[in-house]
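Now for the letters of each chain:
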Amino acid sequence: MSKKSDKRVAVLTSGGDAPGMNACIRAIVIACEYYHYECVGYRHGYHGLLQQNHKVLHNADVHNLIQRGGTVLQSARCVEFKSAESGRLAAQNLDQLGVDALIIIGGDGSFRGAEHLSHYWQGQVIGIPGTIDNDISGTDATIGCYTAIETAVSSIDKVRDTADAFERIFLVEVMGRHSGFIALNAALASASDHVIVPELFVSEQASLDTMFAEINHRRDAHGSVSYIVVVAENVWPGGLPALTSALEARTSIDVRPVTLGHVQRGGSPVPQDRLLASKLGAHAIKAIKEGVSGVMIGEVNHQPVEVPLQALGEQHKPLQVFSVDTMHVLVNATNPSQP
Ligand code: ADP
Ligand code: F6P
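Residues numbered from 1 in each chain as written. Chains lettered and ligands numbered in written order. Predicted model: local features only at pLDDT ≥ 70, side-chain atom pairs only at ≥ 80, totals over all residues. Heavy atoms only, no water.

1. Side note on the environment of serine 203
- Here serine 203 is to be found in the loop between strand E7 (194-196) and helix H7 (204-222).
- By relative accessible area, which is 27% here, serine 203 ends up partly exposed.
- Distance from serine 203 to valine 235, taken between C-alpha atoms, is 9.9 Å for residues 32 residues apart in sequence.
- Among the polar contacts made by the side chain of serine 203, one reaches the main-chain amide nitrogen of alanine 206 at a distance of 3.0 Å. (Helix = DSSP H or I, 4+ residues; strand = E, 2+ residues; numbered from the N terminus. Buried < 20%, exposed > 50% of the residue type's maximum accessible area, 1.4 Å probe, protein only. Polar contact = N/O pair within 3.5 Å; in protein donor to acceptor, adjacent residues only side chain to side chain.)

2. Re the sheet that holds strand E8 (residues 227-232)
- An order of E7-E8-E6-E9 is seen for the 4 strands of this open sheet, with the pairing classed as parallel. The sheet is open, and its two borders are formed by E7 and strand E9 (255-259), each paired with just one other strand. Within this sheet the neighbouring strands show an average axis-to-axis angle of 20°, counted without direction.
- In this fold helix H5 (residues 145-166) packs onto strand E6 (169-174), E8 and E9, with an angle of close to 165° to the strand it touches most, E6.
- In the packing of helix H8 (residues 239-251) onto the sheet, contacts are made with E6, E7, E8 and E9, and the angle to E9 comes to roughly 165°. (Pairing = 2+ DSSP bridges. Axes fitted to C-alpha atoms, helices over the stretch in contact; angles between N-to-C directions. Contact = heavy atoms within 4.5 Å.)

3. A word on the site of ligand 1
- Taken together, 16 residues surround ligand 1, and among them Arg77, Cys78, Gly107, Gly109 and Ser110 come closest.
- For ligand 1, an oxygen atom lies 2.9 Å from a polar atom in the backbone of glycine 107.
- Taken by itself ligand 1 offers 550 Å² of open surface, and the protein chains cover 86% of this.
- Per element, the largest residue contribution to the shell around ligand 1 is 6 residues, and it comes from helix H4 (residues 108-118).
- Grouping the constituent residues of the shell around ligand 1 by class yields 3 nonpolar, 8 polar and 5 charged. (Near = heavy atom within 4 Å. Areas by Shrake-Rupley, 256 points an atom, 1.4 Å probe, with all protein chains shown as cover. Nonpolar A, V, L, I, M, F, W, Y, C, P; charged D, E, K, R; others polar.)

4. Observations concerning the sheet that holds strand E5 (residues 124-129)
- Strands sit in the order E3-E2-E1-E4-E5-E10-E11 across an open sheet of 7 strands; the sheet is mixed. Across the chains shown, the open sheet's two edge strands, defined by having one partner strand only, are strand E3 (54-57) and strand E11 (303-308). Each strand of the sheet is rotated relative to its neighbour by a mean of 30°, with strand direction disregarded.
- The pairing of strand E10 (residues 295-300) with E11 spans 6 bridges and is classified as antiparallel. Residue pairing for E11: glycine 298 is matched across the bridge by valine 305.

5. A few points about the domain arrangement of the protein
- Entries for the protein in the domain assignment read domain 1 (7-144 + 269-312) and domain 2 (146-265).
- Distance between the C-alpha centres of domain 1 and domain 2: 35 Å.
- Counting from both sides, the interface comprises 14 residues of domain 1 and, opposite them, 12 residues of domain 2.
- Taken over both partners, the interface formed by domain 1 and domain 2 buries close to 1300 Å², and the fraction arising from carbon and sulfur atoms is 52%.
- The salt bridge partner of aspartate 17 is arginine 265, with a shortest N-O separation of 3.1 Å.
- Inspection of the domain 1/domain 2 interface yields 7 residue pairs in polar contact (both at pLDDT 80 or more).
- Residue composition of the side of domain 1 that touches domain 2, grouped by class: 5 nonpolar, 4 polar and 5 charged. (Domains from an automatic or database assignment. Buried area = accessible area lost by both parts, 1.4 Å probe. Salt bridge = Lys/Arg side-chain N within 4 Å of Asp/Glu carboxyl O.)

Here it is, written out as structure tokens:
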């Protein structure tokens, strides 16, 4: 492939796909054209780099793309990319294609992959946070998290209709890997009665005691009522089946578990994700023009930020105290025994 422009920029999507990845690819392609750069898309994440599986992307390729879920470049979890041999092969392939800068849209695992690659490749490496989990430090939000919350909330709204009809307890499990961001925000926005998140989880016994007390207070005050618990995945030992049995045994009330699963990763991105994706994508190309490398482009307080990938490390992004406090007040406000 002969080079007809100042720079050749490559982009790939890696790890769990997220709604808005396409909007970001679109922004990158259009911004490349604006700066007279060529844009190449690698397919299937780091697999594409190892197999030299790529295609040139023009403005026409990204027409009518901003609203589409998934990723047109497809994604992958590429275990073999962790080896030194893969790092060297990827570097060789990028050089052979004449790539000057590589943009990785993905989560923290994908950024570790970017770091790994930078030990073998001299080109510019830029990360853009794309994951529904919003578990990456250094940026207020990650592309896809707003759509995942919207999907969870609209599902919980539907669950509430049937929960109210039978005055049952419902457990709704949401994604987030090891972060409670989706769970907490979905619980707040759907006016759920309780939330279980890894950041605040102490023990099964303490959680069961709290839920039992809340359910009893409500039933004493209002008669038989429904009770909706949003449960972040990977928190409760034994998952929803174990929590369902434990609550049924303790309350003698029908408990129904609902796992939302991968529907949270799909669908048309909401405007907040389209906006974030477009801004980060366009800013990434500006950063490339300025010679920046080894950073994640994020957004903090509505401003672009460039955070060294190395600084992200294994930091766990905490839940927003404001949201945690709000959940606490809104749950306890319906609990007459709480001060
Ligand atoms: P996410 O990016 O959504 O967190 P993963 O944790 O699955 O998803 O990571 C995506 C991909 O990033 C992995 O499949 C692998 O190809 C690459 N990756 C993750 N960790 C490393 C690492 N330590 N070294 C090299 N590549 C890695
Ligand atoms: O990181 C995104 C995510 O959807 C997590 O919320 C979830 O734990 C994981 O990916 C599921 O991964 P897979 O699609 O490989 O089952």
